[in-house]
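Letter by letter, the chains look like this.
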Amino acid sequence: DELVGTQGDTLLPGSIVGFQAVVSIGDKQIFDTHSDKPIAYTYGKKPYPSLVCAGVEQGIRGMKVGGKRRLSIPQALAPEGVKLPPGVDLTYEVELTEILTNYF
């Protein structure tokens, strides 16, 4: 679900992206990056398989800086090692905070 759309720069493959996320299983929050600096990685390279999973990669495609989305991630697209209860998705509330240059 698109929570906030913006007119910022668009995320493109190979972009170095910074994002914040709140991750929940059902109604239980399991992870929140807002108290820390944004997660930065090169879009399409998935260096953090326990956090940046195929579902996140697909879900943030086409986002713009400042945009927010709620992503429902099924088991098949969940991070490695995460086992979801039957019929329950992993939920990411993602905010694209920046597209970085000369970061890595």
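All values reported here derive from a predicted model rather than from experimental measurement.

Participant: Tell me about the packing of aromatic side chains, residues and numbers included.
Facilitator: For any pair of aromatic rings, the description rests on two quantities: the centre-to-centre distance and the angle between the ring planes. Overall, the coordinates contain one aromatic pair when judged by the stated rule. With a centroid separation of 6.0 Å and an interplanar angle of 80°, the aromatic rings of Phe 19 and Tyr 41 are classed as edge-to-face. Placement of Phe 19 in strand S2 (residues 16-25) and of Tyr 41 in strand S4 (residues 39-42) is noted, with a sequence separation of 22 residues between them. On the basis of relative accessible area, Tyr 41 is assigned to the buried category, the value being 0%.

Participant: So what's going on with the environment of Gly 59? Which residues, and what values?
Facilitator: For Gly 59, the position within the fold is in helix H1 (residues 54-60). Residue Gly 59 is classed as buried on the basis of its relative accessible area of 15%. Sequence separation of Gly 59 and Leu 71 is 12 residues, and the distance between their C-alpha atoms is 6.1 Å. In this view, Gly 59 contacts Arg 69 and Leu 71; residues no more than four positions away in its chain are not counted.

Participant: So what's going on with the environment of Gly 62? Which residues, and what values?
Facilitator: Note that Gly 62 resides in the loop between H1 and strand S5 (68-73). By relative accessible area, which is 38% here, Gly 62 ends up partly exposed. Between the alpha carbons of Gly 62 and Asp 9 there is a distance of 9.7 Å; along the sequence they are 53 residues apart. With near-sequence residues (within four places) excluded, Gly 62 lies in contact with Thr 10, Leu 11 and Arg 69.

Conventions we followed
- Residue positions are counted from 1 within each chain, in the order its sequence is given.
- The predicted nature of this model means local features are confined to residues of pLDDT at least 70 and side-chain atom pairs, given and counted, to a pLDDT of 80 or more, with totals for whole chains, interfaces and linings taken over all residues.
- To obtain the side-chain values, all non-hydrogen atoms of the structure were used and water was disregarded.
- Note on aromatic pairs: the rings of Phe, Tyr and Trp (six-membered ring only in Trp) are paired at centre separations within 6.5 Å, and the planes decide the class, stacked below 30 degrees, edge-to-face beyond 60, tilted for the rest.
- Under the scheme used here, helices are H or I runs from DSSP no shorter than 4 residues and strands are E runs no shorter than 2 residues, and both carry numbers assigned from the N terminus.
- Type-normalised accessible area, obtained with a 1.4 Å probe on protein chains alone, sets the label of each residue: buried when under 20%, exposed when over 50%, and partly exposed for intermediate values.
- When checking whether two residues touch, look at their non-hydrogen atoms; a contact exists if any pair is within 4.5 Å.

Just distances and angles here, no functional claims.
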